[in-house]
Structure formats: C-alpha cells, structure tokens
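Overview (structure and organization)
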Amino acid sequence: MITSLGQCLKNMLLPKALCVLALSSAATVKVNADQLLRTRGDTTTDNGFDSFLNHILRRLVNFDKEEYEYQLQAGLQKRIGLALGGIHHGHDHMIHFKHMEETNRDLRANNSTNTELPEYTFTPCADEYECDSTLVTYTREEVYNKVSSSLKQSTNVQYCLTADPMITKDMYGSCGVEEDCACAFCLFGSWCVFQVCDSQCYELSGLNTEVSAAIKYGVQVRKVCASCEEETSHAGFTNKDSDGLGYCDSDAYGYKAKNSGLVVFPTDDKGVILSGALPVSAWAHVTIAGTCDTPTGTFKPNDFGRLSVDALTTLLMGASGTVSIAPDTLGYSNTYDYFRGYVVKKQYQTSFIPLWLKTKRTIAEETKCASELGNGLTIAGYSEGGYGAFAIAEAAQSVGIDVQAVLSGAGPYLTSSALLTTGYTSMAEGTFPLNRRHYTIQLGQSYSSTYSGVENYGTGQDLLADSWFVGSTQFTKYDAVNAVTDSGGSDSLNKLVPSPISIDSLDVWDPAAVQFIKDAIRKGHSKPCDNMNGAAAAGVDKLCHAFEANDLENYINSIGKNYLYELCFSFGDEVINSANVMQGGPAFTENAFEVTGNHDEAGAHCIRRFVNFFSSANFASYVQQRTGGYCGIYGAASSSSQPSSDPSSSLSSEPSGSTTNHLTSAHSSPPSPEPSKPQSSQSRSLFPSSSQSFEPSDSLSTSHSSESSEPQSKLPSSSPHRPKNLV
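Notes on the structure in this doc start here. This one's a predicted model, so the numbers in the text were calculated from it and none came from an experiment.

About the thresholds
- Residues numbered from 1 in each chain as written.
- Predicted model: local features only at pLDDT ≥ 70, side-chain atom pairs only at ≥ 80, totals over all residues.
- Heavy atoms only, no water.
- Helix = DSSP H or I, 4+ residues; strand = E, 2+ residues; numbered from the N terminus.
- Polar contact = N/O pair within 3.5 Å; in protein donor to acceptor, adjacent residues only side chain to side chain.
- Disulfide = S-S within 2.5 Å.
- Buried < 20%, exposed > 50% of the residue type's maximum accessible area, 1.4 Å probe, protein only.
- Pairing = 2+ DSSP bridges.
- Axes fitted to C-alpha atoms, helices over the stretch in contact; angles between N-to-C directions.
- Contact = heavy atoms within 4.5 Å.
- Salt bridge = Lys/Arg side-chain N within 4 Å of Asp/Glu carboxyl O.
- Core = buried A, V, L, I, M, F, W, Y, C linked by side-chain atoms within 4.5 Å.
- Phe/Tyr/Trp six-rings, centres within 6.5 Å; stacked < 30°, edge-to-face > 60°.
- Lys NZ or Arg CZ within 6 Å of the ring centre and 35° of its normal.

A few words on the side chain of Ser-615. Position of Ser-615 relative to the elements: it lies in the loop between helix H22 (599–613) and helix H23 (617–622). Reaching out from Ser-615, the side chain makes a polar contact with the backbone oxygen of Asn-612 at a distance of 3.0 Å.

Next up on the list: unusual backbone geometry. Ser-499 connects to Pro-500 through a cis peptide bond whose omega is 0°. Positionally, Pro-500 belongs in the loop between helix H15 (490–494) and helix H16 (511–522). Here Cys-175, not a glycine, exhibits a phi torsion of approximately 60°, which is positive. If you trace the backbone, Cys-175 turns up in the loop between helix H5 (140–155) and strand E4 (181–187). Although it is not a glycine, Thr-329 sits at a positive phi angle of roughly 75°. Residue placement: Thr-329 occurs in the loop between strand E9 (323–327) and helix H10 (345–367).

Here a disulfide denotes a covalent bond joining the sulfur atom of one cysteine to the sulfur atom of another. Summed over all chains, the structure comprises nine disulfides. Covalently, Cys-181 is tied to Cys-197 through a disulfide, its sulfur atoms 1.9 Å apart. Taking the torsion about the S-S bond as the criterion, the Cys-181 to Cys-197 disulfide, at about 95°, is right-handed. Of this pair, Cys-181 sits in strand E4 while Cys-197 sits in strand E5 (residues 191–197), and the two are 16 residues apart along the sequence. There is no split in this pair, since Cys-181 and Cys-197 are both buried.

Right, let's talk about the sheet that holds strand E7 (residues 259–267) for a bit. Whether parallel or antiparallel, the strands of a sheet pair through hydrogen bonds between backbone atoms. Read across the sheet, nine strands follow the order E3-E6-E7-E9-E8-E10-E11-E14-E15 without closing on themselves; strand pairing throughout is mixed. Strands at the two margins of the open sheet, each flanked by one partner only, are strand E3 (133–138) and strand E15 (592–595). Across the sheet, the mean angle separating the axes of adjacent strands is 20° when strand polarity is ignored. Contacts from H5 reach E3 and strand E6 (218–226) within the one sheet, and its direction differs from that of E3 by about 95°.

As a further point, take the pattern of salt bridges. Inspection of the entire model under this criterion finds 15 salt bridges. The partner of Asp-600 in a salt bridge is Arg-436, and the shortest N-O contact between them spans 2.9 Å. Taken together, the residues Asp-600 in helix H22 and Arg-436 in the loop between helix H12 (418–428) and helix H13 (439–446) connect sequence positions 164 residues apart. Residue classification places Asp-600 among the partly exposed residues on the basis of a relative accessible area of 25%. Residue classification places Arg-436 among the buried residues on the basis of a relative accessible area of 6%. Residue Glu-566 pairs with Arg-609 through a salt bridge whose shortest N-O separation is 2.8 Å. In this pair, Glu-566 sits in strand E14 (residues 564–570) while Arg-609 sits in helix H22, placing the two residues 43 residues apart along the sequence. By relative accessible area, which is 1% here, Arg-609 ends up buried. Here the residues in one salt-bridge network are Glu-231, Arg-361 and Glu-365, joined through shared partners.

Among the 11 residues in helix H9 (residues 309–319), 11 count as buried, and that is most of the element. Within H9, burial applies to Val-309, Asp-310, Ala-311, Leu-312, Thr-313, Thr-314, Leu-315, Leu-316, Met-317, Gly-318 and Ala-319. Looking one or two places after H9, you find Gly-321, whose phi comes out positive at around 120°.

Counting residues in hydrophobic clusters, the biggest one holds 150 residues, and the most contacted among them are Phe-299 and Phe-390. For this core, the element with the highest residue contribution is helix H11 (residues 384–398), accounting for eight residues. Setting aside residues up to four positions removed in sequence, Phe-390 forms contacts with Val-406, Ser-408, Tyr-413, Leu-552, Tyr-555, Ile-556, Ile-559, Tyr-563, Tyr-565 and Leu-567. Core analysis: the second largest hydrophobic core is formed by 15 residues, Tyr-68, Leu-72, Met-171 and Ala-182 among them.

Before going further, it helps to spend a moment on the packing of aromatic side chains. Tallied over the full model, the rule gives 18 aromatic pairs. Here Tyr-159 and Tyr-172 contribute two aromatic rings whose centre-to-centre distance is 4.9 Å and whose plane-to-plane angle is 90°, an arrangement assigned as edge-to-face. In this pair, Tyr-159 is assigned in the loop between H5 and E4 and Tyr-172 in the loop between H5 and E4, connecting sequence segments 13 residues apart. For Tyr-159, a relative accessible area of 28% gives the class partly exposed. Residue classification places Tyr-172 among the buried residues on the basis of a relative accessible area of 7%. Ring centres 5.0 Å apart and planes at 80° place the aromatic pair Phe-569 and Phe-571 in the edge-to-face group. Owing to a relative accessible area of 4%, Phe-569 belongs among the buried residues under this scheme. Over the aromatic face of Phe-593 sits the side chain of Arg-609, whose NZ or CZ is 3.5 Å from the ring centroid.

Nothing here speaks to function; it is all geometry.
As structure tokens, this is what we get:
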C-alpha cells in the first residue's frame, strides 16, 4: 500500500511531480477508465483513502492503450456487425430518382388469361444503365478504398462509440476532448490520458481487416440483361427444367422480359477477367419498395457513400473471386413494366436463370474459353432475399447447376403458415415496424391477380381487399397495385396502410382471408391452410393453394445432403418472426444459426457472416471446380462434374477426381491475408471452428466459447447447427 511520496517514487516509478500531485489531489481524481478497463493484478482492496489511492495509481501505471483498443474493438464488434444495418435496405430514402416519363401500359399482352385488367401506371427509372454495359473496372486497391469509404460513412456516425455498452453519450466531450470523442482515462477532470473518436469506429470494429481479407481481386462490374425466351433457345442448351418448375416455360409470366442484374467478374491486376473455371455466387436482394432501388439501380461508381446493401454485398462477393450475380428481379429496373412477385418463387427463378445462362455464354465467347463459369453455385440472401435464395437454388438444381451452398437469413420461408399467423399477430399486437407496413401492400399486390401463374390468379380470391379507409380517405385495390407499379416507394405505399400499427392495418387485405387466419390462431392451428375444407368454406381455398405452392417447407426438407445450407435468424426479429425457422422441422432447426438483435441488427450479423464465408478456407476448398466440365456456349457436363452425394466431404479436401483451380489467372496468387487452414473432413459446418476462425471476429465460429464475441452460436457440439434452446 502506498502511503507516502517515497513509496510512490520507489514502487510506482512515477515522476516526483506526478506523485505529489496525485497524493495531494486524490479526492478530485476522476477515472472514467473504471467503466472501460479491467483492473489488472490483485483486485483486493482495503477500506479508506490509502487503498483508494493505491487503486488509482496502479490503474494509472498499468493503463495499456493496446488493451483498451482490444476491449473497445470487442464491444464494437458485438453491436456494429458489418455496419450494413446502417446502409438502407433499398427503401426510397436510399436513392431518389426523377422520373423522365410515366407510361400507361395495358398488360393484357403479358396476362392473356385475364381480359379485364385495368391500365396501370408503370414508371421507368430515369438514369438506368444500358443493358449489357460495363459500368466500371476496379483494381483490388480501388475496390478496398471504395468499399471502405462506403462503410466508413455508415459506421463512423455520431455516437457510434456507444455501440460499446461501456461508453455513454455523456462521456463525449468530457475531460477537455472534442465533442465527437470520448475520454478513456481522465485525470483531474481535465487531463485525458487516452481518447477515442467517432472517426475511429470503422477501424476499431475490425471491419477494415475483414474487408481486406474478403477483397482478393479487382473487379469488372456489368449490367447484364437476359430473358428466358432468348437464353433457352440457343442451340446446345440441353439442361432443361428437369423438375418441371415452369419458371422459363413459354407461358410463364415474364418469359419475354429482359431481366436485368448486376454481374461482378473478378479480375487480375491488369483488369483481365480471371481465367479457368470460375465459381459463381448469387445474391438475392432484400425487400425493395422503389422500382429503381435495385442492385443495378443503387450501384453508383461516383457515389459509394450511398451504396445499397445489395450492391455492396454483390461487389464483395465478386472481389472474393467468384462471378457474382445479383438479379434486380421482375418488375424492377429494366422490367419496370411488369408486375412484381413478392414472395412468389418464380419471381426469383425467372429472373436468375436467364442471367446465369447469358453470363455463362457470353464469358465463354468473349474470352474464347480462356474463362468460363464453373458449374458450382453458392447463393446468399437476407430477408426477402433469404426466401429468394432457396427459390433460386430449386431452379438451379432443376437446370443442372451444382448448388454447393445456400446462406440464408430471416426469410419468410413458410408462406402458408408462419408468415400468415405471425404476420397477423404482430399487426394485432402493434409490434410490426410502422415504417415497414408497406410489406402488406407488396404481398397483397403479388397475390391479387397481377402475377399470372399464381394459383389464385383470376379466381376472385385476391389477397387485397376491394376497398378500405385510412382515416377518412378511401383506397381501392387498384390504388394499391398502381402505387406499386408507379415507382412503388415505401413512403407512397405506407400511406395506403392504416396507422399506427394495429389490427386495422390489415384492412388492406380481404376480410375473409383475415378472419380465416384469425380463426386458425384462435383454434391453435399453426398451419391455417392445412385445413383446406375450412379454407373452402371461408372462400379462401384458392388463396391457400397459392400460398402453399410458394411455401418452401417441402423443398428445404428435401435438400438432405444435396448441398450445405444455413438459416441465420434472430428470436428478436420483429419483421420476419423466428417461427419461420422453428416451425419448419429438423431440416430447418438443425441448420439454423442464431444471432441477436432486431431485423436490421440481425441482418448486419448474418450478412457479415455470409461475406466472410467467401474469404474462408472452407469456401476456397469447397468450390474447386471438377474437371470434365465444358466450355463454349452450353453443353452437358461429364459425370465427373456432378456433385458428390455428400458435399461435406469436400469441405476440407479436394473433390474426388482431378480438379481445376477456380482461380487460375493472369497473376499468380491472391493478395494477403492468407486463408486459414480448412476444417477436418468430419465437419459439416460452413464455417471454421473457433481455433481456425479468421480475425478479428470470433462471431464467425460455430464455437460457443464464452470468450468469443457476440453473436455467439447457440449450438452444442453434438449437433453443429442446432441451437441450444431448441427442443
């Protein structure tokens, strides 16, 4: 215990002036670091002034800036995620477009079975890129700078340090530091030993390290447009829709539509597309309200600070070494004059398959087979995109693509059960987010005789009500559909839904459908549409057929070992209830990965996890392309290119037979950092174990060690994907 100046000088090795000052003014010392740092060494204390002074001096001498930064980094990683929660999910506060024209178009030509369609207003995008144009080519360094610039703008915001619960707003500007900084260690109320500022959040969170690891190559970014009509008519196209899903049938809705999408090619240091058989990734976009708020519409090379989560994720997936394809989907951007199929499987299938076929064909032609798309495909998506990812996988398998993994988060997979019951409950209880009430309009439009081929189309059982009131203003079904087609921004759609959120918010839906869902909940039926007799009696059986046809429960339960997949979710998600995973059965729960937070916070964790997967050793090993494939336009692959019966065996070892490295390129090897060692062949996890996790975040590990940072996997070792709290 230090009680004198001599002891202070001898034991603490402090300058005399500081010892005198500390001893004489101890009562006025303020130490914010008590809230921030762990006490090192002996934590036992005596009562009284002497022990207090001893504690203060020990803390002062042992203050370690590196330790503080480590503690802060861990705290920030828990809350910030990939900082994508702060990048808007394609809503119209993202990018506003001035419309050059408004086009009234009668869509009878696209819906020949319906002769009574009214005319709707379809508004094109003002600054749409030309189809099949190259938007930009970046070096690896330029990609890193652009992505970092975008993430900094969304991460280094006011009070971002409070993502660490140990830092509060009242610590900002204290101890004489700037207003955008917080003092970590303050002496005498005015002397700050160490400060941190909002401008450091991006670096402190460790995102810069993860972004650097994810970006291995330069990129060439294109807008590609393709239709089923054109791409399935090429001579040599033999991989037809073997499962009869109908997404590219001649009578399919959107068969002639030239769907647009963002396609990112990895390039070498000279800007040349990598050679060899390249792995392919697909990104299914989040829920989009505005017609132009798409992957291509929000990719702005001169305005990266406003890059959408869809465009940013697609860019990162491409820079990791995959040919990344992000469909805008039907009804958006280049196909603005079509209706949208929100949570309709064919919406995503009819949009993706032509883009994949055209990209495969054109890259082979352009490079004279120096580069080609490998037959392996990894698909990722969140929210609506979580649903779309599995819909794409189903079609991809049907057309002969080797689906290798699906990374899905917060998808409304159970359209005929959990989506209806939890949607009703969250509205009735007022817990659904007010700013997202337009989802009821988007779902209603898709299931109201607009998107032909949907099972209730033209049957008189539309999901949208004929009319309803918002206050004293009456709206009709036509108003809702027209609001979606006429740019469809979230603000314009929200005005059509009664607020605040209550059971009245469901007035936009057909009263018979709402009552049917309510009765099912009252009777304890978690799957309302299983009672088809009751649905027929209520006059909603055709509507139930439509929801059942687009339900993903049967498909996900049929995947088995065909490919690896993960369902990222949060029990705190207020938009897509966790029942969409919990009620799906073992195929859902055993492949679930729990994160924390609301819909956007969970999205940041899930998407960060997805992006890091593409830079992991597991992915690098797993996507090796099997030889015996093909080049040219299209052609059947040899048997050696087919997926193995158990893809888990490929996670840490070369696939059986000879392989072609997917990144044979003009430059020798990817830039640092080097990937970690792959897992053992016994593991079915998509991600490394805790001992092999990539720095700096342990959240990417399936380990549930108490030492790693949030979000922690809740999965016991006996079942590598099963959350602890599952029965």
